Amino acid sequence: MQANVAATFQYFLIAFTSVFFLVDPFAAIPAFLVITGDAAPERRRHIAKRAAITACIVLCSFAVAGSLIFKLFGVTLPAFKIAGGVILLLIGLDMLQAKRSQTKETPGETEEGAEKEDAGIIPLGVPMLAGPGSISTVMVLVSQATAWWETIPIYVSILLTAFISYWVLSGADRVRRYLGETGIRIMTRMMGLLLTSIAVQFVLNGLTDLGLIRTH
């Protein structure tokens, strides 16, 4: 029993760190401040809330429909692991340089978002928070589950990440003042290092499933 609890907790930590580092709300703070402009604090909290809810719904939807998408397009799990790992690696390498990956959003999307009446859904919710990396990650994690209860840590991770994202973005000014530009860059690089490690492991798992490499 104790071993099962420890294994479940370890799996939760893996799922949470994978999802959280990919959503990366801290790196979205500069874009959020540009998009919200001179909006009142209540307005910023409203936009942050919609962004977090949108990201949560998108990630949960792809987590639920992951196996159906695999069957519909004839995609195998090893192929998706490798593709997801490559995406994570590209994002992680950008994060190691303390810059926002353009696989999540482009400068044009940020400028367009600043002109929207409510940018909480697009581009903040998608693709700034729920980008291709986090979407592919939840799909791979769910597809690896052998029983329905094993998916619970994944959904808990998504909900917890959405809550933290709301908290971070709604207090973006305070967070930025507290951490400073240097602090945000350091945190981004740390997340990038962990993310690249997860990405390499995804690729290795995919190659192992294909029988191209062996693990000891």
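Being a predicted model, the structure only gives us computed values, none of them experimental. (Residues numbered from 1 in each chain as written. Predicted model: local features only at pLDDT ≥ 70, side-chain atom pairs only at ≥ 80, totals over all residues. Heavy atoms only, no water.)

## Overview of helix 4 (residues 77-96)
- Between its first and last C-alpha, helix 4 extends 28 Å over 20 residues, near the 28 Å set by a 1.5 Å rise per residue.
- Regarding helix 4, the residues found buried are Pro78, Phe80, Lys81, Gly84, Gly85, Leu88, Ile91, Gly92, Asp94 and Met95. (Helix = DSSP H or I, 4+ residues; strand = E, 2+ residues; numbered from the N terminus. Expected span 1.5 Å × (residues − 1). Buried < 20%, exposed > 50% of the residue type's maximum accessible area, 1.4 Å probe, protein only.)

## Some words on the packing of aromatic side chains
- For the structure shown, the criterion picks out 4 aromatic pairs.
- Ring centres of Phe16 and Phe20 lie 5.5 Å apart, and the angle between their planes is 20°; this geometry places the pair in the stacked category. Remark: Phe20 and Phe16 occur in helix 1 (residues 2-23); sequence separation between them is 4 residues, near one turn of the helix. As far as the burial class goes, Phe16 and Phe20 line up, both buried.
- Their ring planes at 80° and their centres at 6.5 Å tell us that Phe20 and Phe26 sit as a pair that is edge-to-face.
- For Phe20, a relative accessible area of 8% translates into the label buried.
- Through a chain of ring-to-ring contacts, the aromatic side chains of Phe12, Phe16, Phe20, Phe21 and Phe26 assemble into a single cluster. (Phe/Tyr/Trp six-rings, centres within 6.5 Å; stacked < 30°, edge-to-face > 60°.)

## What to know about unusual backbone geometry
- For Asp24, which is not a glycine, the phi torsion comes out positive at approximately 50°.
- Within the element layout of this structure, Asp24 appears in the loop between helix 1 and helix 2 (29-36).

## As for the pattern of salt bridges
- Counted under the stated rule, the structure contains 1 salt bridge.
- Of the charged contacts, one joins Arg45 and Glu42 as a salt bridge, the two residues approaching to 3.9 Å between their closest N and O atoms. Of this pair, Arg45 and Glu42 both sit in helix 3 (residues 41-73), 3 residues apart, roughly one helical turn.
- Classification of Arg45 by relative accessible area gives partly exposed; the value is 35%.
- Given a relative accessible area of 51%, Glu42 falls into the exposed group. (Salt bridge = Lys/Arg side-chain N within 4 Å of Asp/Glu carboxyl O.)

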